[in-house]
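These are the residues of each chain, in order.
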Amino acid sequence: MRIHSGIAASARRLTRGALAIGNFDGVHLGHRGLFDAARNAAQRQGGPTCALTFEPHPARLLAPDYAPPLICTPARKRELLADAAVDDLVVQPFDRAFSQTEPDRFVDLLLGMGVAEVVIGHDFTYGRGRRGTVATLRTSLEQCGVRLHVVPAITVEGLVVSSTKIREFTLEGRVEAAAQLLGRPFDLDGDVVRGVGRGRKLGWPTANIRSEAELLPAVGVYAVRARLIEVQETSAQVDTSSGAPVRYVPPRLGAAVLGAANLGLNPTFRDDAHAGSGREPLMLEVHLLDLDEDLYGRTLRVEFVHRLRDERRFPNVDALKEQIARDVAAARRLLAA
């Protein structure tokens, strides 16, 4: 996959291509529908399958108080887009100046990219004040010989797939439901950092994960799969100095390891005098089944596969150890199914 640093940098580089447009947060099944349509169109035209996305998310600029937590980081989004067989990714910086682009000017920018066909979702809007609509885009493009494809809403068991619904399910801890809409388990990447060593003393050593992820599942205990990220991508940042596209190199992942994870505040070990005093960061601790390896300083990708239970406070350490044993057994059984 080639990454272009904005619409201007991709001018005349996407000849005969088919371009899917969207924010693509989560790269879920609805987005995959757009890429499938773009791929089919690109094959007809003999050009590349292309995607245009905007960073940061436009809501960060236009309505920062209401901007949603991102399902995945920009780096993870690139990885997922490459996995969706996108040949050319155009990353348009969404700043104050670009937000004032008039609808007609936006269409001119699209035409300058050289694409032959454009693919959008049914609810697509564009341009200053979101004044551009599906109807106006179709008219403007077809006048210039560019075909527009409008992909209807994708549904799973009668539910429309959307980033909003995926966030809702994830925040509620309904990771199984989120996975149905994503087309894969919800995941996050994080560095393994040193904790207080409590898990090992209990007989259940854990990897303590520090993540930059904005979206976290509800507090609780989960059956997870984890993969070591062996090699980080080398092109997470686009080189804007030359204007030339950057060849994307995805991270290399290790084999999946089964595990049980606790996301929360460890209430059994917290002092009542300090509980609830201010907003405290959540801790993600992952016990990896059948793996006892020094992971400090490594990066893990954690996939949340099943929710096992709520986090709760236990009367003593022995009761906690017994529950952890049950959690690990349940995780092993569910993940092996």
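The rules behind the values
Residues numbered from 1 in each chain as written. Predicted model: local features only at pLDDT ≥ 70, side-chain atom pairs only at ≥ 80, totals over all residues. Heavy atoms only, no water. Helix = DSSP H or I, 4+ residues; strand = E, 2+ residues; numbered from the N terminus. Buried < 20%, exposed > 50% of the residue type's maximum accessible area, 1.4 Å probe, protein only. Contact = heavy atoms within 4.5 Å. Areas by Shrake-Rupley, 256 points an atom, 1.4 Å probe, with all protein chains shown as cover. Lys, Arg positive; Asp, Glu negative; His and termini not counted. Charge placed at Lys NZ, Arg CZ, Asp CG, Glu CD. Pairing = 2+ DSSP bridges. Axes fitted to C-alpha atoms, helices over the stretch in contact; angles between N-to-C directions. Salt bridge = Lys/Arg side-chain N within 4 Å of Asp/Glu carboxyl O. Core = buried A, V, L, I, M, F, W, Y, C linked by side-chain atoms within 4.5 Å. Parallel < 35°, antiparallel > 145°, perpendicular 65-115°, else oblique. Left-handed = near helix turned anticlockwise from the far one by under 90°. Arc of directions from axis to C-beta. pLDDT = per-residue confidence, 0-100. Right-handed = clockwise from strand over helix to strand, strands pointing away.

S.K.: Outline the overall build of the protein, supporting the account with residue identities and numerical values.
M.R.: Of regular secondary structure, the protein possesses 10 helices and 16 strands. The buried share of the protein, reckoned over its 337 residues, is 49%. Of the contacts made within the protein by residues no fewer than 6 positions apart, 77% connect residues no fewer than 24 positions apart. Accessible surface computed for the protein: about 16,300 Å², of which carbon and sulfur atoms make up 50%. Between the centroid of the 43 positive side chains of the protein and the centroid of its 41 negative side chains there is a distance of 2 Å.

S.K.: Quick one: what's the story with helix 3 (residues 74-83), residue by residue and with numbers?
M.R.: Three or more residues of helix 3 are buried, namely R76, K77, R78, E79, L80 and L81. Phi turns positive one or two residues past the end of helix 3, at A85, with a value near 70°.

S.K.: Break down the side chain of H28 for me, with residues and values.
M.R.: Position of H28 relative to the elements: it lies in the loop between strand 2 (18-21) and helix 1 (29-45). Residue H28 is classed as buried on the basis of its relative accessible area, which comes to 4%. Among all residues touching H28, those that are not within four sequence positions of it are V161, S162, S163, I166, L181 and L182.

S.K.: Quick one: what's the story with the pairing of strand 15 (residues 283-288), residue by residue and with numbers?
M.R.: Counting buried residues along strand 15, five of its six residues qualify, which places the element largely inside the surrounding structure. Note: strand 14 (residues 257-264) against strand 15, six bridges, orientation antiparallel. Bridge assignment links N262 to a residue of strand 15, and that residue is E285.

S.K.: Talk me through the sheet that holds strand 2; I want residue IDs and the actual numbers.
M.R.: One open sheet accounts for seven strands, arranged 6-5-2-3-4-1-12; its pairing is mixed. Strands with a single pairing partner mark the edges of an open sheet, and in this sheet they are strand 6 (147-151) and strand 12 (246-247). Lying on the sheet, helix 6 (residues 134-142) is in contact with strand 5 (117-121) and strand 6; it crosses strand 6 at an angle near 155°.

S.K.: I'd like to hear about the pattern of salt bridges, residue by residue, with values.
M.R.: A side chain with one charge can pair with a side chain of the opposite charge if their charged atoms come near. Counted under the stated rule, the structure contains 24 salt bridges. The shortest N-O distance in the salt bridge between E142 and R138 comes to 3.8 Å. Taken together, the positions of E142 and R138, both in helix 6 and four residues apart, correspond to about one turn of that helix. The exposure class assigned to E142 is partly exposed, which follows from its relative accessible area of 44%. Across the pair R309 and D327 runs a salt bridge whose closest N-O atoms are separated by 2.8 Å.

S.K.: Report on the nonpolar core, specifying residues and quantitative values.
M.R.: Counting 30 residues, the largest nonpolar core has L284, V286, L300 and F304 as its most contacted members. Sorting the residues of this core by element identifies helix 7 (163-171), helix 8 (175-182), strand 9 (186-193), strand 10 (207-211), strand 11 (220-231), strand 14, strand 15 and strand 16 (299-309) as the ones contributing at least two each. At five residues, the largest contribution of residues to this core is made by helix 8. Ignoring sequence-local partners within four residues, the contact set of L284 consists of L188, A207, N208, I209, A261, N262, L263 and F304. In this structure, I7, L52, V107 and L110 belong to the second largest nonpolar core, which totals 25 residues.

S.K.: Which residues make up the packing of helix 7 against helix 8, and what are the values?
M.R.: At a minimum axis separation of 7 Å, helix 7 and helix 8 run at an interaxial angle of 160°. Classified by the angle their axes make, helix 7 and helix 8 are roughly antiparallel. With respect to the hand of their crossing, helix 7 and helix 8 are arranged in left-handed fashion. Where helix 7 abuts helix 8, its residues K165, I166, F169 and T170 lie against A177, A178, L181 and L182.

S.K.: Let's hear about helix 7: which residues, and what values?
M.R.: An α-helix turns once per 3.6 residues; consequently, residues spaced three or four apart project the same way. Where helix 7 is concerned, the buried positions are S163, I166, R167, F169 and T170. Taken end-on, helix 7 shows its buried residues confined to a sector of 165°, consistent with a single buried face. Exposed side chains of helix 7 directed beyond 90 degrees from the buried face belong to T164 and L171. The elements touched by buried residues of helix 7 are helix 1, strand 8 (159-160), helix 8 and strand 9.

S.K.: How would you explain the packing of helix 5 (residues 103-112) against helix 6 if you had to name every residue and give the values?
M.R.: Closest axis-to-axis distance for the helix 5/helix 6 pair is 11 Å, and the angle between their directions is 45°. Taken together, the axis directions place helix 5 and helix 6 in an arrangement best described as oblique. Note on packing geometry: the crossing formed by helix 5 with helix 6 is right-handed. Between helix 5 and helix 6, the contacting residues are V107, L110 and L111 on the first element and L137, S140 and L141 on the second.

S.K.: Lay out the confidence of the model for the protein in plain terms, naming residues and giving numbers.
M.R.: When pLDDT is averaged along the protein, the result is 91, and 91% of the positions lie at 70 or above. Predicted confidence for residues 272-278 stays below pLDDT 50, and this span has four contacts to residues more than four positions away or in other chains.

S.K.: Which residues make up the pairing of strand 3 (residues 49-55), and what are the values?
M.R.: Within strand 3, seven of the seven residues are buried, which leaves it mostly tucked inside the rest of the structure. Along strand 3, one buried face is formed by T49, A51, T53 and E55 and the opposite face, lined by C50, L52 and F54, is buried too. Here strand 2 pairs with strand 3 via four bridges, running parallel. The residue bridging A20 from the neighbouring strand is A51, located in strand 3. A crossover connection joins strand 2 to the parallel strand 3 through helix 1; in handedness this β-α-β unit is right-handed. Sheet topology places strand 3 next to strand 4 (residues 88-93); six bridges connect them, and they run parallel. If you follow F54 over to strand 4, its bridge partner there is Q92.

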